[in-house]
Amino acid sequence: MIILTGGKLARPRDPTHYLVNIFHEDIDCMLESEMIRYAARAVRCRRQSGENKLETFVPIHSKVGEGLKEVISSMYFYSWGEYEADSQVYAIVAQHLYEAGVGPEDIAKLLLMNASEAYEASFEKT
């Protein structure tokens, strides 16, 4: 499991460190797509923790398809705010893309894009 930390608290708003805590048995039963999901969440959350934050999915939520719109609304409701919701949405999208056959390299590129650009690019990949 990848845990984001700020040095003092687990799951901080602005994480500065990753803690990787996976037991060998956990790896055996975890699907590769789940690993992609956890890694995508960590990368996106870390990217959004500093200055020059990227556009999130929250402002473009009215422009996306119904399924993703529901995910965005749900993640925003159950999270600390826009940036955590964004990292959760990116994680779900990354897992979906991986299960659809998109490679990790292409998924990694999406994690560093503004949400509107990533949304458009992800439809080209599926």
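See above for the structure.
Numbering of residues starts from 1 in every chain and runs along the sequence as written. In view of the model being predicted, local features appear only for residues whose pLDDT reaches at least 70, and side-chain atom pairs are presented and counted only at 80 or more, with totals across whole chains, interfaces and linings using the full set of residues. The side-chain values count all of the structure's non-hydrogen atoms but skip hydrogen atoms and water molecules.

> Just give me the short version of helix α4 (residues 82-99), but keep the residues and values in it.
A run of DSSP states H or I qualifies as a helix once it reaches four residues; a run of E qualifies as a strand once it reaches two. Both are numbered from the N-terminal end. Expected helix span is given by 1.5 Å per residue-to-residue step, counting one fewer step than there are residues. Look at α4: 26 Å from first C-alpha to last across 18 residues, which is about the 26 Å you get at 1.5 Å a residue. Of all the positions in α4, only E84, A85, D86, S87, Q88, V89, Y90, A91, V93, A94, Q95 and L97 are classed as buried. In the segment just after α4, G101 is the residue with positive phi, at about 105°. Type-normalised accessible area, obtained with a 1.4 Å probe on protein chains alone, sets the label of each residue: buried when under 20%, exposed when over 50%, and partly exposed for intermediate values.

> Pulling in residues and values, what's your account of the environment of D86?
Within the secondary structure, D86 sits in helix α4. You can call D86 buried: its relative accessible area is 0%. Along the chain, D86 and Y76 lie 10 residues apart, while their C-alpha atoms are 7.9 Å from each other. When neighbours within four sequence positions are excluded, D86 is seen to be in contact with R44, Q48, E55, T56 and F57. The contact rule is simple, with two residues in contact once any of their heavy atoms fall within 4.5 Å.

> Tell me about the packing of aromatic side chains, and name the residues and values.
Note on aromatic pairs: the rings of Phe, Tyr and Trp (six-membered ring only in Trp) are paired at centre separations within 6.5 Å, and the planes decide the class, stacked below 30 degrees, edge-to-face beyond 60, tilted for the rest. Scanning the entire structure with this criterion turns up two aromatic pairs. The interplanar angle of 90° and the centroid separation of 4.9 Å between the aromatic rings of F77 and Y78 together place this pair among those described as edge-to-face. For a lysine, the NZ atom is tested; for an arginine, the CZ atom; a charge sits over a ring if that atom is within 6 Å of the ring centre and within 35 degrees of the ring normal. Looking at K53, its charged tip hangs above the ring of Y83, at a distance of 5.4 Å from the centre.

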